[in-house]
Amino acid sequence: MPISRRDFLKSSGGAALLASGAVWAPQAAHAQLDLGDMRLDVLSDGSLRLPGSFIFDPMPQDELAPVLEAYGQSPDLLTPPCNVTLLRHGGRNILFDVGSGPDFAPTAGLLLDSLDTLGLAPEDITDVVFTHGHPDHLWGLLDDFDDPLFTEASYLIGKTEWDYWIDPNTVNRISSDRVPFAVGAKRRLEAIEDNIEFFKDGEEILPGVAARASFGHTPGHMAFEIRSGAQAAMVVGDAIGNDHVALARPNWISGSDQDGEAGAATRVSLLDQIATEQMPMIGFHITQGGIGRVEKATEGYHFIAET
């Protein structure tokens, strides 16, 4: 009987691998934030290993180098954490994205272990809300038999994002290096098309959760403002993709965005709101636990992790 990666990680052999710093060990992230009677947990789905060019290629290289040096960020290798947000409120267990599952990256796909640390199983999830359809956010949707893993959950996604990935022509229009993204997204979304609700910008999709259009990283990417009375936080997904160059120079086009100009405009708008309102943000690829505040700097912004 084949052993799953999750079972292996729990075994003595898996523990030794993690202790040795092997390449596929997850980058841990677990932080909490309370908003009134709402509890937000940031759970680790592991991490990714990406070439620096994935983000940095379109940027002005002579100006980029000192920014990366100031943050201690390699220009050649990115190792972003993958932070999945869990909202517990009013008897609901709400996931924002579902991680990579076992098929995207050997360093990711550990969400179920993180849920287990909170005493939660997949069947305890009542709602799944998608920021967008990229693999590290969507591919954890299905189990080993290609059935939906979160058997008791309802699913929600922005209508623009759904239309993009479910369109059979997307595979012909997307850049060649992202064709697997399109194929994988369509297959997974088709598995839940009878149990999914759509929403648009500005709608309250669940009690205390409002959708915020943040297009650019993908055509229909959504962020979510979570509010309890006067307290609020913003789940930004990949609209703010890191806590170094995305904050230091938010107006620069990022190679990770499918529409670079729209992605930059979104970052500028979101960061202005988050900094002005001193609203905590939760970022999928933000380090130091994933939760923090943003302060305006002489040029760009600084990220201050919640402690």
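Here we summarise the structure given alongside this text. Since the model is a prediction, treat every value here as computed from it, not as a measurement. (Residues numbered from 1 in each chain as written. Predicted model: local features only at pLDDT ≥ 70, side-chain atom pairs only at ≥ 80, totals over all residues. Heavy atoms only, no water.)

Taken together, the buried positions of helix H4 (residues 61-71) are Leu-64, Val-67 and Leu-68. When H4 is viewed along its axis, its buried side chains cluster within an angular range of 100° and face the same direction. Within H4, the exposed residues directed more than 90 degrees away from the buried face are Asp-62, Glu-69 and Ala-70. In this structure, the buried residues of H4 make contact with helix H3 (53-56) and helix H10 (245-248). Among the residues trailing H4, Gly-72 stands out with phi positive, at a value near 65°. (Buried < 20%, exposed > 50% of the residue type's maximum accessible area, 1.4 Å probe, protein only. Helix = DSSP H or I, 4+ residues; strand = E, 2+ residues; numbered from the N terminus. Arc of directions from axis to C-beta. Contact = heavy atoms within 4.5 Å.)

Turning our attention to empty space enclosed by the protein. Applying the stated rule across the entire model yields one cavity of 30 Å³ or more. The volume enclosed by the largest cavity comes to roughly 40 Å³. Every residue along the wall of the largest cavity is listed here: Asn-83, Thr-85, Phe-96, Asp-97, Thr-131, Val-235, Gly-237, Ile-282, Gly-283 and Phe-284. Secondary structure elements with two or more residues in the lining of the largest cavity: strand S5 (81-89), strand S13 (231-237) and strand S14 (281-283). When grouped by side-chain class, the residues that make up the lining of the largest cavity number four nonpolar, five polar and one charged. (1 Å grid on protein atoms, 1.4 Å probe; cavity = no way out; pocket = protein on both sides within 12 Å on 5 of 7 lines; lining within 4 Å. Points joined across faces, edges and corners; volume = space filled by probe spheres on them. Nonpolar A, V, L, I, M, F, W, Y, C, P; charged D, E, K, R; others polar.)

The tally for this structure, following the rule as stated, stands at twelve salt bridges. Here Asp-34 makes a salt bridge to Arg-39, at a shortest N to O gap of 2.4 Å. On the basis of relative accessibility, which here comes to 42%, the residue Asp-34 falls in the partly exposed class. (Salt bridge = Lys/Arg side-chain N within 4 Å of Asp/Glu carboxyl O.)

What follows deals with unusual backbone geometry. The phi dihedral of Asp-97 is positive, around 75°, even though this residue is not glycine. Residue Asp-97 is classed as buried on the basis of its relative accessible area, which comes to 1%. Positive phi is not limited to glycine here, since Gln-288 has a value of about 60°. Structurally, Gln-288 is set in the loop between S14 and strand S15 (291-296).

Taken in spatial order, the seven strands make up an open sheet running S1-S2-S5-S6-S7-S8-S9, and their pairing is mixed. Each end of this open sheet is capped by a strand with a single partner; those strands are strand S1 (31-35) and strand S9 (196-199). Within the sheet, the average angular offset between the axes of one strand and its neighbour, ignoring direction, is 25°. Where helix H7 (residues 159-166) meets the sheet, its contacts fall on strand S8 (154-158) and S9, and the angle it forms with S8 comes to roughly 90°. (Pairing = 2+ DSSP bridges. Axes fitted to C-alpha atoms, helices over the stretch in contact; angles between N-to-C directions.)

It is worth spelling out H7 at this point. Of all the residues in H7, the buried ones are Glu-161, Trp-162, Tyr-164, Trp-165 and Ile-166. Those residues of H7 hidden inside the fold are in contact with S8, helix H8 (170-173), helix H9 (179-190) and S9.

The next point concerns the nonpolar core. The biggest cluster of nonpolar side chains holds 37 residues, and the ones touching the most others in it are Leu-95, Leu-115, Val-128, Phe-130, Phe-150 and Tyr-155. Residue assignment for this core shows that the elements contributing at least two residues are S5, helix H5 (111-117), S8, H7 and H9. Residue contacts for Val-128: discarding those within four places in its chain leaves Leu-95, Val-98, Phe-150, Ala-153, Ser-154, Tyr-155 and Leu-156. Formed by 23 residues, the second largest nonpolar core is a distinct cluster that contains Val-42, Leu-87, Ile-205 and Ile-282. (Core = buried A, V, L, I, M, F, W, Y, C linked by side-chain atoms within 4.5 Å.)

Right, let's talk about the layout of surface pockets for a bit. A volume near 660 Å³ is recorded for the largest pocket. Around the largest pocket, the lining is made up of 39 residues, and of these Leu-50, Ile-55, Leu-78, Pro-80 and His-285 lie nearest the centre. Of all elements in the fold, only strand S3 (50-51), H3, helix H6 (135-138) and H10 reach the threshold of two or more residues within the lining of the largest pocket. The class makeup of the residues in the lining of the largest pocket is 18 nonpolar, 13 polar and eight charged.

Of all nine residues in S5, eight are buried; the element is thus mostly enclosed. Here strand S2 (residues 38-47) runs beside S5; their pairing, made up of seven bridges, is antiparallel. Residue Arg-39 lies in a different strand from S5, and its bridge partner there is Arg-88. In the sheet, S5 pairs with strand S6 (residues 92-96) via five bridges, with the strands oriented antiparallel. Within the sheet, the bridge partner assigned to Leu-86 lies in S6 and is Leu-95. Here S5 folds back onto S6, and the loop between the two strands holds two residues, one of which, Gly-90, carries a positive phi near 60°.

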